[in-house]
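# Structural description and commentary
One-letter residues, chain by chain:
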Amino acid sequence: MKKIFLSFGVFSLFIFASCGGAKKEDVNANVPKGMVAADLSAVSEGRMPVLMNVPDSTVGPLQVSANSQGGADVKVGKSFQMAVMEGAGDMETKKKDVTHDDVRKFVKYVMEDANAIIWEWQIEGMEPEFHFYAVVKAGAKSFEVRDVEGEVFSEKSAVQMLDAAKTIRMKEVKAAS
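A few points on the structure. (Residues numbered from 1 in each chain as written. Predicted model: local features only at pLDDT ≥ 70, side-chain atom pairs only at ≥ 80, totals over all residues. Heavy atoms only, no water.)

## Let's talk about the side chain of Ser 41
Its location among the elements puts Ser 41 in the loop between strand S1 (35–39) and strand S2 (50–55). Overall, Ser 41 belongs to the buried group, its relative accessible area being 13%. Among the polar contacts listed, one links the side chain of Ser 41 to the side chain of Asp 39, at a separation of 2.6 Å. (Helix = DSSP H or I, 4+ residues; strand = E, 2+ residues; numbered from the N terminus. Buried < 20%, exposed > 50% of the residue type's maximum accessible area, 1.4 Å probe, protein only. Polar contact = N/O pair within 3.5 Å; in protein donor to acceptor, adjacent residues only side chain to side chain.)

Right under this line is the structure:
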C-alpha cells in the first residue's frame, strides 16, 4: 500500500511540475543575452498576441503601454521607444513622407530594403536624427513598426529598434493542463 501511495505521490508531483509555473522562462527561452521578451498581448486586450525581443532592464525599465493606434508602445529607457500596430503598412507612402517633410530635411537612407528603412533627417542648425519604419510579418499577420513620434534617436538606437522589430513573433497560446 505504501508503494502505491508513494508512486501516486511522485506521479502527482511530476504532473504538477509539468503543467504549472515558469511562464516567464518559456517566453525568454531563446532570447539572446542582454535581451528579454516583451509581451504585447496584455496592453492590446489580447488583439496582438505578440512577443518581441527588447533590451533588458539594465538600459532602463521595460514599459509596454497601449497607444492611440490600437497597438502598443514599447519603451526601455530614453533611446529605445517604438510603436507596434497590427496592419499591412505602406512603405511607399512612408518613403514619400520621409523625403517630403516640411520641417526636417531628408539626408539619406542609412538602410533600405523592401520591408524596412532607417533614415537620417536634420533640422537646420540642429543635430541629425535617425528614425526607422518596418513592416514585419509574423504568421498570417503583418505589423507596422516605427520609432515613437516626437523623439530624437541616434543611428545606433534606430538600428537596435529595427533589429528588435524583426524579432516580432506570435505568442504561443498553450492549452490549459
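Alright, that's what it looks like, and here's the rest.
## Section: the sheet that holds strand S8 (residues 129–138)
Strand order across the open sheet formed by 7 strands is S3-S4-S5-S9-S8-S7-S6, with antiparallel pairing between neighbours. Each end of this open sheet is capped by a strand with a single partner; those strands are strand S3 (62–66) and strand S6 (105–113). For this sheet, the mean angle separating the axes of adjacent strands, direction not counted, is 20 degrees. Packed on one face of the sheet, helix H3 (residues 91–99) meets S6, strand S7 (116–122) and S8 and runs near 10 degrees to S7. (Pairing = 2+ DSSP bridges. Axes fitted to C-alpha atoms, helices over the stretch in contact; angles between N-to-C directions. Contact = heavy atoms within 4.5 Å.)

Scope: geometric values only; no functional claims are made or implied.
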